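Survey of secondary and tertiary structure
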Amino acid sequence: MSGPSLRQLHAHHAIHEGALSGAIAKTEEIEDLLRAKEYEVALQAADHLLEYWETRIISHADAEEEGFYLEMLEKNPELEDTVAKLTRDHDLLRIIAEDIKKMLKEEGLTYEVMKQFHALLVVNAIHSRDEERLLLAEPSE
């Protein structure tokens, strides 16, 4: 069973916003370091950002799939297609994060890596908005 914060729109939204704002700040920090030509520090920051995505955002996705989504499906089996689409979003986050990990190891911090970090931000923002709207929005009166 998922925690109550996953089932309440305002609390779940706060989790999403906090995680996303942290990822945005960390991404901007890397960009500032690159502009300052602090390449080694920027690479370390990129490793930390990837770890942040894995431990804060992707682990939240794992928790949703293991509890919250199953509860939503039990309550309303018609949400099966919606849950499948939201789970695919999570899969995209995992795939992009794995690609970043591989690129950082093989090529270092490149422009392409930064594009992938931005892709994570975009996918996550769209996913969170859709999840909140489709699973947590209050039914219309």
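Keep in mind it's a predicted model, so treat the numbers as computed, not measured.

It is worth spelling out the pattern of salt bridges at this point. Per the stated rule, a full pass over the model turns up ten salt bridges. Asp 91 is the partner of Arg 94 in a salt bridge, and the nearest nitrogen-oxygen pair spans 2.8 Å. Taken together, the residues Arg 94 and Asp 91, both in helix α4 (residues 80-107) and three residues apart, mark about one turn of the helix. Arg 129 is the salt-bridge partner of Asp 130, the closest N and O atoms lying 3.7 Å from each other. On the basis of relative accessible area, Asp 130 is assigned to the buried category, the value being 19%. Bridged by salt links that share partners, the residues Asp 62, Glu 65, Asp 91 and Arg 94 form one connected network.

This next bit is on the environment of Glu 71. For Glu 71, the location among the structural elements is in helix α3 (residues 39-75). Sequence spacing of Glu 71 and Asn 124 is 53 residues, and the spatial spacing of their C-alpha atoms is 22 Å.

Turning our eyes to something else, we now look at the environment of Asp 81. Structurally, the position occupied by Asp 81 is in helix α4. Take Asp 81: its relative accessible area is 48%, and that puts it in the partly exposed class. Linking Asp 81 and Met 114, residues 33 residues apart in sequence, is a C-alpha distance of 32 Å.

Let us look at the packing of aromatic side chains. Summed over all chains, the structure comprises one aromatic pair. Geometrically, the ring pair formed by Phe 68 and Tyr 69 is tilted, given 5.9 Å between the ring centres and 45 degrees between the ring planes. The exposure class of Phe 68 is buried, given its relative accessible area of 0%. Looking at Tyr 69, the relative accessible area reads 2%, which means it is buried.

Between α4 and helix α5 (residues 111-136), the least distance of the axes is 10 Å, while the angle of their chain directions is 165 degrees. When the axes of α4 and α5 are compared, the pair comes out roughly antiparallel. Read as a crossing pair, α4 and α5 show a hand that is left-handed. Residues of the contact of α4 with α5, tallied by class, amount to 15 nonpolar, five polar and four charged.

The N-to-C vectors of α3 and α4 enclose an angle of 160 degrees; their axes lie 10 Å apart at closest approach. Between α3 and α4, the crossing angle belongs to the class labelled roughly antiparallel. Judged by the sense of rotation from one axis to the other, the crossing of α3 with α4 is left-handed.

Moving on, we come to α4. An ideal rise of 1.5 Å per residue puts 40 Å on 28 residues; α4 measures up with 40 Å between its terminal C-alpha atoms. Listed as buried for α4 are Thr 82, Val 83, Leu 86, Thr 87, Asp 89, His 90, Leu 93, Ile 96, Ala 97, Ile 100, Met 103 and Leu 104. In this structure, the buried side of α4 is in contact with α3 and α5. Taken from the residues just after α4, Gly 108 is the one with a positive phi, measuring 85 degrees.

Looking now at the confidence of the model for the protein. Per-residue confidence for the protein averages 92 on the pLDDT scale, and 92% of its residues sit at or above 70. Mean pLDDT in the protein bottoms out at helix α1 (residues 4-7), which sits at 56, and peaks at α4, which reaches 98.

Criteria and cut-off values
Residues numbered from 1 in each chain as written. Predicted model: local features only at pLDDT ≥ 70, side-chain atom pairs only at ≥ 80, totals over all residues. Heavy atoms only, no water. Salt bridge = Lys/Arg side-chain N within 4 Å of Asp/Glu carboxyl O. Helix = DSSP H or I, 4+ residues; strand = E, 2+ residues; numbered from the N terminus. Buried < 20%, exposed > 50% of the residue type's maximum accessible area, 1.4 Å probe, protein only. Phe/Tyr/Trp six-rings, centres within 6.5 Å; stacked < 30°, edge-to-face > 60°. Axes fitted to C-alpha atoms, helices over the stretch in contact; angles between N-to-C directions. Parallel < 35°, antiparallel > 145°, perpendicular 65-115°, else oblique. Left-handed = near helix turned anticlockwise from the far one by under 90°. Nonpolar A, V, L, I, M, F, W, Y, C, P; charged D, E, K, R; others polar. Expected span 1.5 Å × (residues − 1). Contact = heavy atoms within 4.5 Å. pLDDT = per-residue confidence, 0-100.

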